[in-house]
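Summary of structural features
What follows is the residue order along each chain.
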Amino acid sequence: MIRINAFSLLHHNTFGIDAQARQYIEYASEEELTAILPALAGERFFHIGEGSNLLFTQDYDGIMLHSGLRGIQLLEETDADVVVRVGAGERFDDLIAWSVRLGWSGIENLSHIPGEAGAAAVQNIGAYGVEVKDVIERVHAVDLQSGERRTFSNADCHYAYRQSIFKQELRGRYAVTYVDLRLSKTFTPHLDYGNVRASLPEGAELTPHLVRQVITAIRREKLPEPGEVGSAGSFFMNPVVSEQTFRTLQASYPAMPHYATAGGVKIPAGWMIDQCGWKGQTLGRAGVHAKQALVLINCGGATGAEVVALSDRIRADVKQRFGVDIHPEVNIL
Ligand code: EPU
């Protein structure tokens, strides 16, 4: 177990915000986790992963918990697929690299997304037509109040776009310990999002490894490189509006990109922010990425408050121009 007081969070959030936690605890096993639970009673605490979807607006006067549960284990294997168990503290992209090396598929479209496996299951990470919920079998977790272990089936997790029960009814209640995923031995590529298909090199054999390479290249082109420019990926979620609202908007903005979903029509917030003229603009030391308006960046030394000020201005402009509310995807602490 690692326990550090007055812990700098600077290298534990991809936005690169210089904040401090009163204490940081990293546990290396489920037993260590349950052993520290009594110390959490009555304390303010928050469970972090790699800090790639977080914005600190102040020092954290409480305990930052982090999972040191790592490892990938093969649970089941048939001719068609495998079920693997991954520790919550394992980097999700390392799991993908391992999976494609073995020729297994299902998560290659999620390549190069920063973050750990536990957080991936909480946030239902998604990119290029795939969400992690598509391959999750079970999520194992510990109740941070009672210490009880619980296994959630995929259906129990109530997955939706960037949502799960762990972000809603059970927010802050459980620490994910392991995630079981089903990967396929037969490759069904998902190439129909954006320019994925068009980016495939001509004549190359289509493999999960190739798709991983192509997706990684697209992300490197569009998104700030983690470690070079501070950001938390998409800052906002894409809003879903009613059919009727969409038709009214489309009458004024015929070029508006849109995707039909079960709950209505999804409109890319990045497109609306771009239309408002924010792409590449800055406010204080916070800015809007020049290649993807959905991504807010730290231009160097920004505080969380500066990023929130920029976010508020953008939200107000989008609301004024399109009448649509957009909401941060990033956890603001
Ligand atoms: N667009 C613009 N201008 C911009 C940005 C986007 O016009 O500055 C337009 C694009 O041309 C396109 C549409 O908006 O027609 C959608 O853009 P894009 O394909 O880049 O995807 P997105 O909706 O902006 C989402 C995810 C990303 C994910 C991509 C690809 C959310 C909140 N974001 O972005 O996820 O990589 O799709 O699947 O759903 C993340 O969550 O951190 C993230 C990067």
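Given the structure is predicted, the values throughout are model-derived calculations rather than measurements.

1. Side note on helix H7 (residues 304-322)
Across its 19 residues, H7 extends 27 Å between first and last C-alpha, which sits within 8% of the 27 Å expected from 1.5 Å per residue. Listed in full, the buried residues belonging to H7 are Gly304, Glu306, Val307, Leu310, Ser311, Ile314, Val318 and Phe322. The arc that holds every buried residue of H7, seen down its axis, measures 160°, which confines them to one face. Each element contacted by the buried residues of H7 is listed here: strand S4 (54-55), helix H5 (243-252), helix H6 (269-275), strand S17 (282-283), strand S18 (286-288) and strand S19 (295-298). Looking one or two residues past H7, Gly323 carries a phi angle of roughly 70°, positive in sign.

2. Some points on the site of the ligand
Around the ligand, the surrounding shell holds 24 residues, and the nearest of these are Tyr128, Tyr161, Arg162, Tyr193 and Asp274. In the model, an oxygen atom of the ligand is placed 3.1 Å from a nitrogen or oxygen of the Lys279 side chain. Protein chains shield 83% of the accessible area of the ligand, which is 810 Å² for the free molecule. The element contributing the most residues to the shell around the ligand is H6, with 3 residues. Both of domain 2 (72-220) and domain 3 (224-332) provide at least three residues apiece to the shell around the ligand.

3. Some words on the state of the cysteines
Per the stated rule, a full pass over the model turns up 0 disulfides. The cysteine Cys299 is free of any disulfide, with Cys276 supplying the nearest cysteine sulfur at 19 Å.

4. Considerations on the pattern of salt bridges
Summed over all chains, the structure comprises 23 salt bridges. Arg182 is paired through a salt bridge with Glu137; the nearest N and O atoms lie 3.0 Å apart. Remark: Glu137 occurs in strand S10 (residues 136-143) and Arg182 occurs in strand S12 (residues 174-184); sequence separation between them is 45 residues. Judged by relative accessible area, Arg182 falls into the partly exposed class, the value being 29%. Its relative accessible area of 24% is what places Glu137 among the partly exposed residues. Between Arg247 and Glu243 there is a salt bridge whose closest N-O contact spans 3.2 Å. Taken together, the residues Arg247 and Glu243, both in helix H5 and 4 residues apart, mark about one turn of the helix. Salt bridges sharing common partners tie together Arg22, Glu43 and Asp61.

5. Topic: the layout of surface pockets
Roughly 760 Å³ of internal volume is contained in the second largest pocket. For the lining of the second largest pocket, the secondary structure elements donating two or more residues are strand S3 (45-48), helix H3 (117-123) and S12. For the lining of the second largest pocket, a count of residues per class yields 17 nonpolar, 13 polar and 6 charged.

6. Quick word on the packing of aromatic side chains
Tallying each qualifying case throughout the model produces 11 aromatic pairs. Geometrically, the ring pair formed by Trp98 and Trp104 is edge-to-face, given 5.5 Å between the ring centres and 80° between the ring planes. Assessed through its relative accessible area of 22%, Trp98 is described here as partly exposed. Ring geometry for Tyr253 against Trp271: centres 6.3 Å apart, planes inclined by 85°, an arrangement best described as edge-to-face. Remark: Trp271 occurs in helix H6 and Tyr253 occurs in the loop between H5 and strand S15 (259-261); sequence separation between them is 18 residues.

7. A closer look at the nonpolar core
With 44 residues, the main nonpolar core has Met64, Ile273 and Ile314 as its most contacted residues. Looking at this core, the elements with two or more residues in it are strand S2 (20-27), S3, S4, strand S5 (60-67), H5, H6, S18 and H7. Each of two domains, domain 1 (2-67) and domain 3 (224-332), supplies a minimum of three residues to this core. Not counting residues up to four positions away in its chain, the partners in contact with Met64 are Leu9, Ala21, Gln23, Tyr24, Ile25, Phe46, Ile48, Phe56 and Leu333.

8. Comments concerning the packing of helix H2 (residues 92-101) against helix H4 (residues 208-222)
Remark: H2 packs on H4, axes separated minimally by 8 Å, with the N-to-C direction vectors making an angle of 145°. Remark: the crossing between H2 and H4 carries left-handed chirality. Counted together, Asp93, Ile96, Ala97 and Val100 of H2 and Pro208, His209 and Arg212 of H4 form the full contact between these two elements. Of the residues in the contact of H2 with H4, the class split is 4 nonpolar, 1 polar and 2 charged.

Procedures and definitions
- Residues numbered from 1 in each chain as written.
- Predicted model: local features only at pLDDT ≥ 70, side-chain atom pairs only at ≥ 80, totals over all residues.
- Heavy atoms only, no water.
- Helix = DSSP H or I, 4+ residues; strand = E, 2+ residues; numbered from the N terminus.
- Expected span 1.5 Å × (residues − 1).
- Buried < 20%, exposed > 50% of the residue type's maximum accessible area, 1.4 Å probe, protein only.
- Arc of directions from axis to C-beta.
- Contact = heavy atoms within 4.5 Å.
- Near = heavy atom within 4 Å.
- Polar contact = N/O pair within 3.5 Å; in protein donor to acceptor, adjacent residues only side chain to side chain.
- Areas by Shrake-Rupley, 256 points an atom, 1.4 Å probe, with all protein chains shown as cover.
- Domains from an automatic or database assignment.
- Disulfide = S-S within 2.5 Å.
- Salt bridge = Lys/Arg side-chain N within 4 Å of Asp/Glu carboxyl O.
- 1 Å grid on protein atoms, 1.4 Å probe; cavity = no way out; pocket = protein on both sides within 12 Å on 5 of 7 lines; lining within 4 Å.
- Points joined across faces, edges and corners; volume = space filled by probe spheres on them.
- Nonpolar A, V, L, I, M, F, W, Y, C, P; charged D, E, K, R; others polar.
- Phe/Tyr/Trp six-rings, centres within 6.5 Å; stacked < 30°, edge-to-face > 60°.
- Core = buried A, V, L, I, M, F, W, Y, C linked by side-chain atoms within 4.5 Å.
- Axes fitted to C-alpha atoms, helices over the stretch in contact; angles between N-to-C directions.
- Left-handed = near helix turned anticlockwise from the far one by under 90°.

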